[in-house]
Amino acid sequence: MTTFSQIILACPHCGIRMGAYELMSYTIHSTTVYSDGMTVTEPWMNNDKAIAICPKCQKAFWQEDARIETEERIGDNLPFAGDTYDLPFALSETFREELIQFYVDLLKDGFANTTDRKIYLRLRIWWGINDFVRYREPIWKLFPQFTSLRRAKILLASRRNSRLVFAEFKTLFRENLEKLIAIFKPEHEGEQIMLAEMYRELGEMGKAHEALKGVEIKNCRRITKAIAGNKKRVVKL
């Protein structure tokens, strides 16, 4: 069961008031966790609710900055705030690529005015690029889906295209992780593991191993195995 509370926001760009929903509780049936920290739940929930999109001027803003205290209730006269899935390119075939560029542009424009917010955006750039190889199954696991020659060609072409797009982001992938590492200061074991994962995906296995010093092996077994195997791709935990 999912429950929400209603809140009111004021766009910092054009001043329009709008309604929004704030998640209160959420029933999760299953969760898949990846080594880069990305979590996919069933049912699915958008993991980027911190950023809202104004329904009038279409500009992005931080929801926590726009929240206003008022007794006013959300009525039919108030529009609702959008999110990244309401951006103009949301229905485009290149949505994932354009969403990555959207986050890059926000960073360039100074949208993230704190270190935590810069980390927030850089994590989503990292996750977005990894999405092109995150769900990549070994070819033999695809065999049951090869119900016809045409179907097999479509699946193999999609697999190949995702790999090529991932390769196109190679420079941004490295640059983003390097800048993320520069501002990421681990404060607990979970963040140590995250730092190690950043180094691993950069191919810097020595630094990845060093970052795991003091971490209980049972908590990072899959990552240490990937480091030992000199594997750089994101893995399912």
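No experiment lies behind these values; they were computed from the predicted model shown.

A. Structural view of the packing of helix 7 (residues 189-202) against helix 9 (residues 221-228). Their axes nearest at 11 Å, the elements helix 7 and helix 9 cross at an angle of 25 degrees. Overall, the two elements helix 7 and helix 9 adopt an arrangement that is roughly parallel. Remark: the crossing between helix 7 and helix 9 carries left-handed chirality. Two secondary-structure elements touch here, helix 7 through I193, E197 and R200 and helix 9 through I223, A226 and I227.

B. Local environment of the packing of aromatic side chains. As enumerated under the stated definition, the model contains eight aromatic pairs in all. Seen from their ring centres, F89 and F95 are 5.8 Å apart, and the 40 degrees between their planes marks the pair as tilted. No difference in accessibility class separates F89 from F95, as the two residues are buried. The ring of Y120 is capped by R124, whose NZ or CZ atom sits 3.5 Å from the centre of that ring.

C. Geometry of the pattern of salt bridges. Within the structure shown, the criterion is met by 12 salt bridges. In this structure, E178 engages R174 in a salt bridge whose closest nitrogen and oxygen atoms are separated by 3.3 Å. Of this pair, E178 and R174 both sit in helix 6 (residues 170-183), four residues apart, which is roughly one turn of that helix. The partner of K207 in a salt bridge is E204, with the nearest N and O atoms 3.6 Å apart. You can call E204 partly exposed: its relative accessible area is 24%. Overlapping salt bridges, with partners in common, bring together R174, E178, E204 and K207 in one network.

D. Region of the structure containing unusual backbone geometry. The phi angle at Q58 is positive, at roughly 65 degrees, despite the residue not being glycine. Its place among the elements puts Q58 in the loop between strand 5 (51-53) and strand 6 (60-62). A positive phi angle, close to 55 degrees, is found at N230, a residue other than glycine. Positionally, N230 belongs in the segment after helix 9.

E. Structural context of the state of the cysteines. With the rule as written, the count across this model stands at zero disulfides. Cysteine C14 remains unbridged, with the sulfur of C54 as its closest cysteine sulfur at 3.6 Å. With relative accessibility at 33%, the residue C14 sits in the partly exposed group. Cysteine C57 shares no disulfide, and the gap to the nearest cysteine sulfur, in C54, comes to 3.6 Å. Look at C57 and you get partly exposed, because its relative accessible area is 27%.

F. Inspection of helix 9 at higher detail. Those residues of helix 9 not exposed but buried are I223, A226 and I227. Down the axis, helix 9 shows its buried residues gathered within 100 degrees of arc, on one side only. In helix 9, the exposed positions that point more than 90 degrees away from the buried face belong to K225 and A228. Those residues of helix 9 that are buried lie in contact with helix 7 and helix 8 (205-211).

G. Focus on a positive patch on the surface. The grouping of R163, K170, K232 and R233 at the surface amounts to a positive patch. Counting through the fold element by element, R233 comes out in the segment after helix 9. Owing to a relative accessible area of 37%, R233 belongs among the partly exposed residues under this scheme.

H. Quick look at the environment of A196. Mapped onto the elements, A196 comes out in helix 7. A relative accessible area of 0% places A196 in the buried class. Separated by 13 residues in the primary sequence, A196 and H209 have C-alpha atoms spaced 6.8 Å apart. When neighbours within four sequence positions are excluded, A196 is seen to be in contact with A208, A211 and L212.

Calculation rules
- Residues numbered from 1 in each chain as written.
- Predicted model: local features only at pLDDT ≥ 70, side-chain atom pairs only at ≥ 80, totals over all residues.
- Heavy atoms only, no water.
- Axes fitted to C-alpha atoms, helices over the stretch in contact; angles between N-to-C directions.
- Helix = DSSP H or I, 4+ residues; strand = E, 2+ residues; numbered from the N terminus.
- Parallel < 35°, antiparallel > 145°, perpendicular 65-115°, else oblique.
- Left-handed = near helix turned anticlockwise from the far one by under 90°.
- Contact = heavy atoms within 4.5 Å.
- Phe/Tyr/Trp six-rings, centres within 6.5 Å; stacked < 30°, edge-to-face > 60°.
- Buried < 20%, exposed > 50% of the residue type's maximum accessible area, 1.4 Å probe, protein only.
- Lys NZ or Arg CZ within 6 Å of the ring centre and 35° of its normal.
- Salt bridge = Lys/Arg side-chain N within 4 Å of Asp/Glu carboxyl O.
- Disulfide = S-S within 2.5 Å.
- Arc of directions from axis to C-beta.
- Patch = residues over 30% accessible without salt bridge, like charges linked within 9 Å, V, L, I, M, F, W, Y side chains within 5 Å.
- Areas by Shrake-Rupley, 256 points an atom, 1.4 Å probe, with all protein chains shown as cover.
- Lys, Arg positive; Asp, Glu negative; His and termini not counted.
- Charge placed at Lys NZ, Arg CZ, Asp CG, Glu CD.

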